[in-house]
Amino acid sequence: MATLENRLRIQVAPPPNQKKRGQGLTFRTFLSSPAIIYLIVLTQVPVIFTLGYSLSNWNFLRPERTRFVGAQNYLDFFQDADVLVIIRNTLVFASSVVLLSLIFGMLLALLLNRQFFGRGLARTLLITPFLIMPTVSAVMWKNMLFNPAFGLISTFVVALGGPRIDWINDFPMASIVTIVTWEWTPFMMLILLAGLQSLAQESLEAAQIDGAGPIETFYYIVLPHLRRYIEIGVLLEVLFVLNIFGEIFVTTTGGPATDTTTLTFNIYLESFKRWNVGRASAYGVVAVIFANIVTFFFLRIIRSGEQKEAQG
Amino acid sequence: MKTHRRKLAGHALSVLTILIALLIFFPIFWMFLTSFKTEADAYTDPPLLLFTPTLDNYQVALQQSRYFDYLGNTILIVGFSTFVALALGVPAAYSLAFYPGKRSNATLMWVMSTRMLPPVGVIVPLYVIFKNLALFDTHFGLIMLYTAMNLPLVIWMMRSFLADLPYEILEAARIDGSSLWQEFTRIILPLALPGLMATILLCLIFTWNEFFIAFNLTINKAAPLSVFIVSFKTSEGLFWAKMSAAATITALPVVIAGWVAQRQLVRGLTAGAVK
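Conventions we followed
- As a convention, each chain's residues are numbered from 1 in the sequence order in which they are written.
- Each chain gets a letter, beginning with A, and each ligand a number, beginning with 1, in the order they are written.
- Given that this is a predicted model, residues contribute local features only at a pLDDT of at least 70 and side-chain atom pairs are listed and counted only at 80 or more, while totals for whole chains, interfaces and linings are drawn from all residues.
- Segments assigned H or I by DSSP are reported as helices when at least four residues long, segments assigned E as strands when at least two residues long, and all are numbered from the N terminus.
- Burial is judged by counting the other C-beta atoms within 10 Å of a residue's own C-beta: 20 or more makes it buried, 12 or fewer makes it exposed, and any count in between marks it as partly exposed, with every C-beta position built from the backbone.
- Note that contacts rest on C-beta atoms placed from the backbone: two residues are in contact if these are within 7 Å.
- Put simply, a nonpolar core is a cluster of buried Ala, Val, Leu, Ile, Met, Phe, Trp, Tyr and Cys residues tied together by C-beta atoms within 7 Å.
- For each domain, the first and last residues come from an automatic or database assignment.
- Values of pLDDT, ranging from 0 to 100, describe the predictor's confidence in every residue of the model.
- Gly falls in the polar group here, along with every residue not listed as nonpolar (Ala, Val, Leu, Ile, Met, Phe, Trp, Tyr, Cys, Pro) or charged (Asp, Glu, Lys, Arg).

Considering the overall build of chain B
Within chain B one finds 14 helices and 0 strands. Starting at the N terminus and ending at the C terminus, chain B contains elements arranged as α-α-α-α-α-α-α-α-α-α-α-α-α-α. Considering only C-alpha atoms, chain B reaches an extent of 75 × 70 × 35 Å along its principal axes. Relative to its 275 residues, chain B shows a buried fraction of 48%. A separation threshold of at least 6 residues defines the contact pool for chain B, and within that pool the share at least 24 residues apart is 79%.

Here it is as structure tokens:
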């Protein structure tokens, strides 16, 4: 609460250097403009380049034939049969990972939101997959867990009398989803745990006195309270998961055929394997637009939260 | 009777939680264990739990490969990009926290949106520009890009930490007539130090682990560890123990940093949207 008051006071209080009020604006600009300019040059200018390239048929292998083709790359995007597969892969991949990590993250957050001996240790162990370098995770899972001959999973399944399965070749998408879910469940868990810890103990007790069981309490009290946290977690994870590249590169390289090629991976193939700058850029613009839509909703939630805080 | 049963159920849940945590952590533990095996011990069916540990793999991974070159590149790139991001970002965060104007909120939102820009959306022009300006496969090039990745994080986190500082202390300092620089170095910085450390750790986690940009914009001169570790992606030959050793020392610094900064992790990850 103290922090909230301070924040409000800062909003209402006059600028600290009252005497220099006239200079306040220029001083503010002086302090923040280097960062802003840096971000514009490094992030917005390249997007404009991408937009420009996307209107050409520039290919590094045939640079002499480069010409302006207008919206052709975008039209191709909607007509190409492969694109449908790629979009389907992207949706299957992102939604499976987000949904699974939401479910597991929720369960783990509920389990961790109790006082017990070893809680700190459990939490520390549980967040580790998120901290491990993604390419290390991918190399580790591919070799030591998914390997059909000596991998841990196969050893375990065979010991139970099951068949010996070459996970990455037989179930490529499920394998990648498994790795990425393992990496991202801690993220969801941490956000939901923060949400659970901000839930007032009184409302839980009140529900119990009113005779609500654990499921009813969860559904009517906990879940509505967590809504904002779930939204933030899901949107952020969508943004991060859509950018995933290393795990796919290490395990399946987008294959077999195009079975695990997502939009991100396809842009890599289009630009650095086929050197098709024009088309890769058009796909890149699509990726940027999509990310902006998700970001828009994310920022709207943050903003509404801040307004609520300011009013409360 | 009822309370007794509830207590028992509580203990069962606690044990379950710890078991799940151990299960999820197990692959990492297994990799760590394998890094101390001989290659022959690493490939057994059933897997070996008891074995004579050896440090050979670390010696091989460290000396026979170019591990130290990659490590040096990573440290250089991560260090400088974090430092420059702080130098640019902390003043911006300061002004946004203490001199909020009409457009401050919009600026903050825009800053965050630049962090959400998918790297694939800009990788082609970056490649072209880097080739043309001789930035390709240079430390300087990667430092520039990673700084842009860290900057939104620094601005958001530091603004949120600075805005939480008790205002009375700042006011008291002003009445004492200290200059802005004194006020910043003597009062604000010490108070915001935990926040600053958390910010640095998050920058470290993200840039240390970054792969996509590094992989496409370097070959070998400036390639960081994330690129080095991918050379273990083929599963031919006996190499699990060496791979485990290399992977362990590669991932370890960030894992430790993350363990230390657990509490600040959430806040940094969600841009302060979640307290």
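From this point, the narrative continues.
Some remarks on the nonpolar core
Residues and elements named next belong to chain B. In terms of nonpolar packing, the biggest core is built from 158 residues, with Ala93 and Val154 touching the most fellow members. Top element by residues in this core is helix α7 (residues 139-163). It accounts for 16 residues. When residues of this core are sorted by domain, at least three fall in each of domain 1 (2-58) and domain 2 (64-269). Beyond its immediate stretch of four places on either side in the chain, valine 154 contacts Ala85, Leu86, Gly89, Val90, Ala93, Thr199 and Cys203.

A word on the confidence of the model for chain B
Residues of chain B with pLDDT of at least 70 account for 96%, and the chain-wide mean is 88. The least confident element of chain B is helix α14 (residues 262-269) of chain B, whose mean pLDDT is 74; the most confident is helix α11 (residues 212-217) of chain B, at 96.

As for the environment of valine 122 of chain B
For valine 122 of chain B, the position within the fold is in the loop between α5 (104-115) and α6 (123-132). For valine 122 of chain B and serine 160 of chain B, which are 38 residues apart along the polypeptide, the C-alpha to C-alpha distance reads 29 Å. In this structure, valine 122 of chain B is in contact with Pro46, Val47 and Thr50 of chain A together with Leu117 of chain B, ignoring residues within four places of it in sequence.

Notes on the domain arrangement of chain B
Residues and elements named next belong to chain B. Under the domain assignment, chain B is made up of domain 1 (2-58) and domain 2 (64-269). On a C-alpha basis, the centres of domain 1 and domain 2 stand 32 Å from each other. Taken residue by residue, the interface counts 11 residues in domain 1 and 8 residues in domain 2. It is helix α1 (residues 2-34) that provides the largest number of residues to the side of domain 1 that touches domain 2, a total of 3 residues. Tallied by class, residues from the side of domain 1 that touches domain 2 come to 5 nonpolar, 4 polar and 2 charged.

Regarding the interface of chain A and chain B
Opposite the 84 residues of chain A that make contact, chain B presents 86 residues. The biggest single contributor to the side of chain A that touches chain B is helix α2 (residues 21-54) of chain A, with 15 residues. The class makeup of the residues in the side of chain A that touches chain B is 56 nonpolar, 23 polar and 5 charged.

Some points on the confidence of the model for chain A
Residue and element names in this part refer to chain A. Residues of chain A with pLDDT of at least 70 account for 90%, and the chain-wide mean is 87. With pLDDT under 50 throughout, residues 1-15 is counted as low confidence; its partners more than four residues away or in other chains account for 16 contacts. Confidence drops under a pLDDT of 50 for residues 17-22, and excluding neighbours within four residues, the segment shows 3 contacts in the predicted structure.

Looking at unusual backbone geometry
Looking along the chain, the bond that leaves glycine 255 of chain A and enters proline 256 of chain A is cis, with omega of -10 degrees. Its location among the elements puts proline 256 of chain A in the loop between α12 (246-251) and α13 (263-272).

Things to note about α6 of chain B
Within the sequence span of α6 of chain B, burial applies to Ile123, Val124, Pro125, Leu126 and Phe130 of chain B. Count one or two residues on from α6 of chain B and you reach alanine 134 of chain B, which has phi positive near 55 degrees.

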